[in-house]
Amino acid sequence: HGAELEREAREDRAAALGDAQDEIYYAAALYEDPAATLDDLREAVTTLEDTIRIARRVLGGVHPTTEGIEQDLRDARAALRARVSPEEWRAAAEA
């Protein structure tokens, strides 16, 4: 049930943002793929960073859709962080 509820919640978030919905699905597909490359994970993070800016502007920071995208972004960043060394992570954060 958990995966189904997560999928439904993602669909709700995507629908609220119209054209950005494809970006949300694409980013999730990238960071949830166990075979994702580092470039895939970086792309997922960048895509969600762009999408969250739109969501905050359009929906506001406390809207459930915005909060859901923020969770997707945290998950994507965690997936990336798990695959890079601490030094690479710090260097990316400082860039």
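An account of the accompanying structure is given in this report. (Residues numbered from 1 in each chain as written. Predicted model: local features only at pLDDT ≥ 70, side-chain atom pairs only at ≥ 80, totals over all residues. Heavy atoms only, no water.)

1. Thoughts on the environment of Glu6
Here Glu6 lies in helix α1 (residues 2-16). Look at Glu6 and you get partly exposed, because its relative accessible area is 39%. Along the chain, Glu6 and Trp89 lie 83 residues apart, while their C-alpha atoms are 27 Å from each other. (Helix = DSSP H or I, 4+ residues; strand = E, 2+ residues; numbered from the N terminus. Buried < 20%, exposed > 50% of the residue type's maximum accessible area, 1.4 Å probe, protein only.)

2. Digging into the layout of surface pockets
Quantified by volume, the largest pocket comes out at close to 200 Å³. As for the largest pocket, its lining consists of Arg42, Val45, Thr46, Glu49, Arg77, Leu80, Val84, Glu88, Trp89, Ala92 and Ala93. Mapped onto the lining of the largest pocket, the elements with two or more residues apiece are α3 (38-59), α4 (64-83) and α5 (86-94). Residues belonging to the lining of the largest pocket are distributed by class as follows: six nonpolar, one polar and four charged. (1 Å grid on protein atoms, 1.4 Å probe; cavity = no way out; pocket = protein on both sides within 12 Å on 5 of 7 lines; lining within 4 Å. Points joined across faces, edges and corners; volume = space filled by probe spheres on them. Nonpolar A, V, L, I, M, F, W, Y, C, P; charged D, E, K, R; others polar.)

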